[in-house]
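Observations on chain architecture
Here is what each chain is made of, one letter per residue.
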Amino acid sequence: MTTTNRMSDITLPETGPAGQGASAESSFAAWFAQTRALSARQLWVIFHEKSTFLQVFLMPVLTMVMLKVVLGEAIGRATGQDAAYGTVPLVIVVSAMFGSVVAGVRLNLERTSGLLSRLYVLPINRAADLSSRLVCEIVRMVLTTTVLIVVGWLVGFRMNPDPWAILGIYAVAVGFGIAFASIVLALAVNFSPGAPLVPLLSLVSSVLMFFNTGFAPASEYPGWLEPIVANQPMSPAIEVMRALAAGGPLTENLIKVTLWTVGTLAVCLYPALHGYRKAATAS
């Protein structure tokens, strides 16, 4: 027996024989199988909706190329190295932020259309849909990071061939992406559908985008702004990826990235789960 979500043509596995649904749907096996099925649904949306695909993959590439062309020389003079070592990590983390905003918009649309309520009343694990959205963000970040590294190579970005350095760049990108996605999901399910979620998140993302160490070292900013730039979440992520690719100090920024990621997840996961339940059961 199967339960089919007609809206996305994704088939969800049943949780077990009659009378065992409550215990079966809360099992790890059910969560894993249903997260996999619902992740396929999320990925289908990304790759089949042209506007979403362009925002998630094409826009980061165009942004990186424009930054390199327009600001490349200025960034190179400020940092003392090829601007690509700042712009590629910068655009990787920016793509994580704006891609998560797109995911938040999609969640609100599905909430308004009633899809969340339909999923919630199905005999599936309560955490499966939310975890599938995080899985989708992980896959998106891996693909986007790969595309940006390849395009970055064409504009001067060269990576340390050490497999651990390459893995570290992906780990930072994915960790940052998951942390920011958890913020977006928590806000999306706890705000009313009509709340100005996109303008708020876009404003925050834009401010962070222009005040980080991808453009210039923190020491180049005004004295009062320097500690803010150096310690806002984008800067240590950029610096870790820069150090892994081209060498340089690593430990301090790696600690900052880890603290930001773990702290954000610790703060946002419960509100996301609790808010998702309220959003899915709201009439």
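Preceding this paragraph is the structure being described.
Residues numbered from 1 in each chain as written. Predicted model: local features only at pLDDT ≥ 70, side-chain atom pairs only at ≥ 80, totals over all residues. Heavy atoms only, no water.

1. Side note on the packing of helix 4 (residues 84-113) against helix 7 (residues 163-190)
The N-to-C vectors of helix 4 and helix 7 enclose an angle of 30°; their axes lie 9 Å apart at closest approach. Taken together, the axes of helix 4 and helix 7 are roughly parallel relative to one another. Of the two elements, helix 4 crosses helix 7, and the hand of that crossing is right-handed. Along the contact surface, helix 4 presents Ile92, Val93, Ala96, Met97, Ser100, Val101, Gly104, Leu107, Asn108 and Arg111, while helix 7 presents Ala173, Phe176, Gly177, Phe180, Ala181, Val184, Leu185, Ala188 and Val189. Here the residues of the contact of helix 4 with helix 7 sort into 14 nonpolar, four polar and one charged. (Axes fitted to C-alpha atoms, helices over the stretch in contact; angles between N-to-C directions. Helix = DSSP H or I, 4+ residues; strand = E, 2+ residues; numbered from the N terminus. Parallel < 35°, antiparallel > 145°, perpendicular 65-115°, else oblique. Left-handed = near helix turned anticlockwise from the far one by under 90°. Contact = heavy atoms within 4.5 Å. Nonpolar A, V, L, I, M, F, W, Y, C, P; charged D, E, K, R; others polar.)

2. Considerations on the nonpolar core
Membership of the largest hydrophobic core comes to 64 residues, with the highest contact counts inside it found for Leu90, Ile92, Val93, Phe157, Phe176, Met234 and Tyr276. Contributing elements (two or more residues each) for this core: helix 3 (50-79), helix 4, helix 5 (115-121), helix 6 (128-154), helix 7, helix 8 (197-210), helix 10 (234-246) and helix 11 (251-281). Core analysis: the second largest hydrophobic core is formed by six residues, Leu115, Leu119, Leu122 and Ile124 among them. (Core = buried A, V, L, I, M, F, W, Y, C linked by side-chain atoms within 4.5 Å. Buried < 20%, exposed > 50% of the residue type's maximum accessible area, 1.4 Å probe, protein only.)

3. Remarks on the packing of helix 2 (residues 28-48) against helix 3
What describes two packed helices is the angle between their axes and the distance between those same axes. One can describe the packing of helix 2 onto helix 3 by two numbers: an axis separation of 5 Å at closest approach and a directional angle of 90°. Here helix 2 is positioned roughly perpendicular relative to helix 3, judged by the angle of their axes. Packed against helix 2, whose contacting residues are Val45, Ile46, Phe47 and His48, the element helix 3 presents Lys50, Thr52, Phe53 and Phe57 at the interface.

4. Quick look at the packing of aromatic side chains
Summed over all chains, the structure comprises six aromatic pairs. Centre to centre, the rings of Phe28 and Phe32 are 6.2 Å apart; their planes meet at 25°, and the pair counts as stacked. Within this pair, Phe28 and its partner Phe32 are both found in helix 2, separated by four residues, close to a single helical turn. Phe32 sits in the partly exposed class, given a relative accessible area of 45%. Between Phe211 and Tyr221, the ring centres sit 6.4 Å apart and the planes meet at 45°, which makes this aromatic pair tilted. Of this pair, Phe211 sits in the loop between helix 8 and helix 9 (226-231) while Tyr221 sits in the loop between helix 8 and helix 9, and the two are 10 residues apart along the sequence. (Phe/Tyr/Trp six-rings, centres within 6.5 Å; stacked < 30°, edge-to-face > 60°.)

5. A closer look at the pattern of salt bridges
When the charged atoms of two side chains with opposite charge come close together, those side chains can pair. All chains considered together, the criterion is met by seven salt bridges. Between Asp129 and Arg133 there is a salt bridge whose closest N-O contact spans 3.0 Å. Residue Asp129 and its partner Arg133 are both found in helix 6; the two are separated by four residues, about one turn of the helix. One exposure class covers both Asp129 and Arg133, and it is buried. Residue Arg242 is joined to Glu239 by a salt bridge in which the shortest nitrogen-to-oxygen separation is 3.1 Å. Of this pair, Arg242 and Glu239 both sit in helix 10, three residues apart, which is roughly one turn of that helix. Just as Arg242 is buried, Glu239 falls in that class too. The network of salt bridges with shared partners includes Arg41, Glu110, Asp129 and Arg133. (Salt bridge = Lys/Arg side-chain N within 4 Å of Asp/Glu carboxyl O.)

6. Structural notes on helix 2
End to end, helix 2 covers 30 Å across 21 residues, agreeing with the expected 30 Å (1.5 Å per residue, within 8%). Along helix 2, the residues that are buried comprise Ala30, Ala33, Gln34, Thr35, Ala37, Leu38, Ser39, Arg41, Gln42, Val45 and Ile46. (Expected span 1.5 Å × (residues − 1).)

7. Some words on a nonpolar patch on the surface
Nonpolar side chains collect at one region of the surface, where Phe47, Phe53, Leu54, Leu58, Met59, Leu62, Val65, Met66, Val69, Val70, Leu71 and Leu143 lie side by side and expose about 1,000 Å² of accessible area between them. The leading source of residues in the nonpolar patch is helix 3, at 10 residues. Tracing the backbone through its elements, the reader meets Leu54 in helix 3. A relative accessible area of 40% means that Leu54 is categorised as partly exposed. (Patch = residues over 30% accessible without salt bridge, like charges linked within 9 Å, V, L, I, M, F, W, Y side chains within 5 Å. Areas by Shrake-Rupley, 256 points an atom, 1.4 Å probe, with all protein chains shown as cover.)

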